[in-house]
Amino acid sequence: MKKGIIIFQKNLIPGKVKSRIGALVGDQKALEIYQVLVDYTHQQVEGLECKKLLYYSEYTENTYENNKDYQFFIQSSGDLGQKMGDAFKDQFEDGFDQLLIIGTDCAEITQEILEEAFDKLKTSEVVIGPAKDGGITF
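Residues numbered from 1 in each chain as written. Predicted model: local features only at pLDDT ≥ 70, side-chain atom pairs only at ≥ 80, totals over all residues. Heavy atoms only, no water.

Engineer: Explain the overall build of the protein to me, using residue names and the numbers behind them.
Structural biologist: Across its full length, the protein holds 4 helices and 4 strands. Counting helices and strands in the order they occur from the N terminus, the protein gives β-α-α-β-β-α-β-α. Computed over the C-alpha atoms, the radius of gyration of the protein is 15 Å, within 12% of the 14 Å expected from 2.2 N^0.38 for a compact globule of 138 residues. Principal axes of the C-alpha set define a box for the protein whose edges measure 45 × 30 × 30 Å. Expressed as a percentage of contacts within the protein between residues at least 6 apart in sequence, the contacts between residues at least 24 apart total 59%. In the form shown here, the protein has an accessible surface area of approximately 8600 Å², with 51% of it arising from carbon and sulfur atoms. When the 15 positive and 23 negative side-chain charges of the protein are each reduced to one mean point, those points stand 1 Å apart. (Helix = DSSP H or I, 4+ residues; strand = E, 2+ residues; numbered from the N terminus. Rg over C-alpha atoms; globule rule 2.2 N^0.38 Å. Contact = heavy atoms within 4.5 Å. Areas by Shrake-Rupley, 256 points an atom, 1.4 Å probe, with all protein chains shown as cover. Lys, Arg positive; Asp, Glu negative; His and termini not counted. Charge placed at Lys NZ, Arg CZ, Asp CG, Glu CD.)

Engineer: Quick one: what's the story with unusual backbone geometry, residue by residue and with numbers?
Structural biologist: Positive phi is not limited to glycine here, since lysine 18 has a value of about 45 degrees. For lysine 18, the position within the fold is in the loop between strand 1 (3–9) and helix 1 (19–25).

Engineer: Can you explain the state of the cysteines? Please cite residues and give values.
Structural biologist: This structure, assessed with the given rule, holds 0 disulfides. Residue cysteine 50 stays outside any disulfide, its sulfur separated by 17 Å from that of cysteine 106, the closest cysteine. Classification of cysteine 50 by relative accessible area gives buried; the value is 8%. Cysteine 106 gets classed as partly exposed once you look at its relative accessible area, which sits at 35%. (Disulfide = S-S within 2.5 Å. Buried < 20%, exposed > 50% of the residue type's maximum accessible area, 1.4 Å probe, protein only.)

Engineer: Please provide a residue-by-residue account of helix 4 (residues 111–120), values included.
Structural biologist: Turn by turn, an α-helix covers 3.6 residues, leaving residues three or four places apart pointing in a common direction. Taken as a whole, helix 4 has its buried residues at Leu114, Ala117 and Phe118. The arc that holds the buried residues of helix 4, viewed along the axis, is 100 degrees, so those residues lie on one side. On its buried side, helix 4 packs onto strand 1, helix 2 (27–46) and strand 4 (98–102). (Arc of directions from axis to C-beta.)

Engineer: So what about the environment of leucine 114? Which residues, and what values?
Structural biologist: In this fold, leucine 114 is placed in helix 4. Owing to a relative accessible area of 4%, leucine 114 belongs among the buried residues under this scheme. In this structure the C-alpha to C-alpha distance between leucine 114 and isoleucine 101, which are 13 residues apart in sequence, comes to 9.7 Å. The residues contacting leucine 114, other than those within four sequence positions of it, are Ile5, Val45, Leu48, Leu100, Ile102 and Ile109.

The values reported here are purely geometric and, on their own, carry no functional implication.
Structure below.
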């Protein structure tokens, strides 16, 4: 079974990440906050036995290129739904059987939650996790 996790990550550009926080604390501090969240996300996916499909917002960076489990892409154009749909389509066409998708700004995500999602995909076509921050849940 070919498993992967699509990771949507913005490039680390001041003023382009955590802009609402940046309006309160400045673009540089917002960038530092986002960097902590990015690092945390990658710590959580590190132990997963799957390919890490890292989709950057504007251009690829070499931060994780020494890790054989990572592949690098650039997000398509359009709104977030279009970008996510395109990423899923491309990766399913590339032969993946199971795919998760996450962003890089959720401090509550854990390796255990991601492993549970992969496990649930064994018996379900779609798994949607809860969003305690007010996002849509099913």
